[in-house]
Amino acid sequence: MERKAKIIKTNADGTRAICVDVDNYKEIIEYISRSPAHKKRFNYITGIILEGLRMPDVYDKEEINDKCKGVTAMKLFKGGSNDRIYCREQTLEDKTFVVITSELFEKKKSQKINQRIKNTIEKVASYEYEIIK
């Protein structure tokens, strides 16, 4: 499914970027802006991604089956409300690595992947993005 994503952050040399799905932009930005804690946590996770660091406690692959290659999750408030922002990773023609925040999933209740979570992850996996500046 073809969708559009808007770049909201890039690293200093422009080789990595964070984008937001245009269709879910309002919901994701409102969630991030909900409180200073939400904004701080989002900025922390995006900073890790833009630096190219690997921290599975806060950002990790969600490749639950063969259909879900390139799907990841930002793990916000793990141990608390356990919210997730499911993302799609993509490399552009100019070799820029982008992480597109695609779907907000609030209050993940268990370690297991229930059908609702599986459906969300598979839906994100089906997205193909055109990146707009």
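Placed above this text is the structure.
Keep in mind that what you see is a predicted model, and the values were worked out from it rather than measured.

Caption draft 1: Looking closely at helix α2 (residues 36–51). Counted at 1.5 Å a residue, the expected span for α2 with its 16 residues is 22 Å, and the 22 Å between its end C-alpha atoms agrees. His38, Phe42, Ile45, Thr46, Ile48, Ile49 and Leu50 are the residues of α2 that are buried. Following α2 by one or two positions, glycine 52 adopts a phi angle in the positive range, close to 80 degrees.

Caption draft 2: Representation of unusual backbone geometry within the structure. Unusually for a residue other than glycine, lysine 95 sits at a positive phi of about 75 degrees. Examined against the element boundaries, lysine 95 turns out to sit in the loop between β5 (83–91) and β6 (97–105).

Caption draft 3: Representation of the nonpolar core. Ranked by size, the top nonpolar core spans 19 residues in total, and within it Ile45, Ile49, Tyr59, Met74, Ile85 and Val99 carry the most contacts. Among the elements of the structure, β2 (16–21), α1 (25–32), α2, β4 (71–76), β5 and β6 are those that each provide at least two residues to this core. Top element by residues in this core is α2. It accounts for five residues. Look past the residues within four positions of tyrosine 59 in its chain and what remains in contact with it is Ile45, Ile49, Thr72, Ala73, Met74, Cys87, Glu89 and Val99. Ala5, Ala17, Tyr86 and Val98 belong to the second largest nonpolar core, which has 18 residues in total.

Cut-offs and rules
Residues numbered from 1 in each chain as written. Predicted model: local features only at pLDDT ≥ 70, side-chain atom pairs only at ≥ 80, totals over all residues. Heavy atoms only, no water. Helix = DSSP H or I, 4+ residues; strand = E, 2+ residues; numbered from the N terminus. Expected span 1.5 Å × (residues − 1). Buried < 20%, exposed > 50% of the residue type's maximum accessible area, 1.4 Å probe, protein only. Core = buried A, V, L, I, M, F, W, Y, C linked by side-chain atoms within 4.5 Å. Contact = heavy atoms within 4.5 Å.

Purely spatial values, then, with no claim about function.
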